[in-house]
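So you can see what is in the structure, the chains are spelled out below.
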Amino acid sequence: MYERRYAALPFLGPLPYDLHIPILGILDIDSLVRLRHTCTLADGFVSDELDARLITIISPFVADPVKFKEALQDTGAVIAGDAAASVFYPEQLLHRITILSIVIPKGHHSHLAS
């Protein structure tokens, strides 16, 4: 399970804290971007939410999803297809991701394979 950095800090005002993470979980990328621009704390929550979504999606495919996410960042590789769509629009994709499509820049294939 992904450990959120901002999980202990409430930012949605009068709403009970236990609703913050579930609310973020249903927001699409457009809403998250708007929320991100409201304050530094919201920016942190949105970053955590996007990281958590990515980790959740890649977890069934790799032994160490955090290390794999770091390798994606190091190589400039990106998740593509339905997996990417489910990060941006989690409520739109109703089926389980069965294929993890990755686009890797030329020359970095061996780095990700290791």
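Residues numbered from 1 in each chain as written. Predicted model: local features only at pLDDT ≥ 70, side-chain atom pairs only at ≥ 80, totals over all residues. Heavy atoms only, no water.

K.L.:
Can you explain the environment of G107? Please cite residues and give values.
P.N.:
Residue position: G107 is located in the loop between strand 2 (101-103) and helix 6 (109-113). In the structure, G107 is positioned 32 residues away from T75 in sequence and 9.1 Å away in space, judged by C-alpha atoms. (Helix = DSSP H or I, 4+ residues; strand = E, 2+ residues; numbered from the N terminus.)

K.L.:
Let's hear about the nonpolar core: which residues, and what values?
P.N.:
Judged by nonpolar contacts, the single largest core of 22 residues is most densely connected at L50, I58, F68, I79, A83 and L100. Elements with a contribution of two residues or more to this core: helix 2 (29-36), helix 3 (40-58), helix 4 (65-75) and helix 5 (81-88). (Core = buried A, V, L, I, M, F, W, Y, C linked by side-chain atoms within 4.5 Å. Buried < 20%, exposed > 50% of the residue type's maximum accessible area, 1.4 Å probe, protein only.)

K.L.:
Can you break down the environment of F68 residue by residue, with the values?
P.N.:
Checked against the element boundaries, F68 lands in helix 4. For F68, a relative accessible area of 13% puts it in the buried group.

K.L.:
Provide a residue-level description of the pattern of salt bridges, including the pertinent values.
P.N.:
A complete count under the given rule lists three salt bridges for this structure. Where D43 meets R36, a salt bridge forms, and the shortest distance between an N and an O atom there is 2.4 Å. Across the salt bridge formed by K69 and D51, the nearest N and O atoms sit 3.5 Å from each other. Residue K69 is located in helix 4, and its partner D51 is located in helix 3; the two are separated by 18 residues in the primary sequence. Here the two residues K69 and D51 agree in accessibility, since each one is buried. (Salt bridge = Lys/Arg side-chain N within 4 Å of Asp/Glu carboxyl O.)

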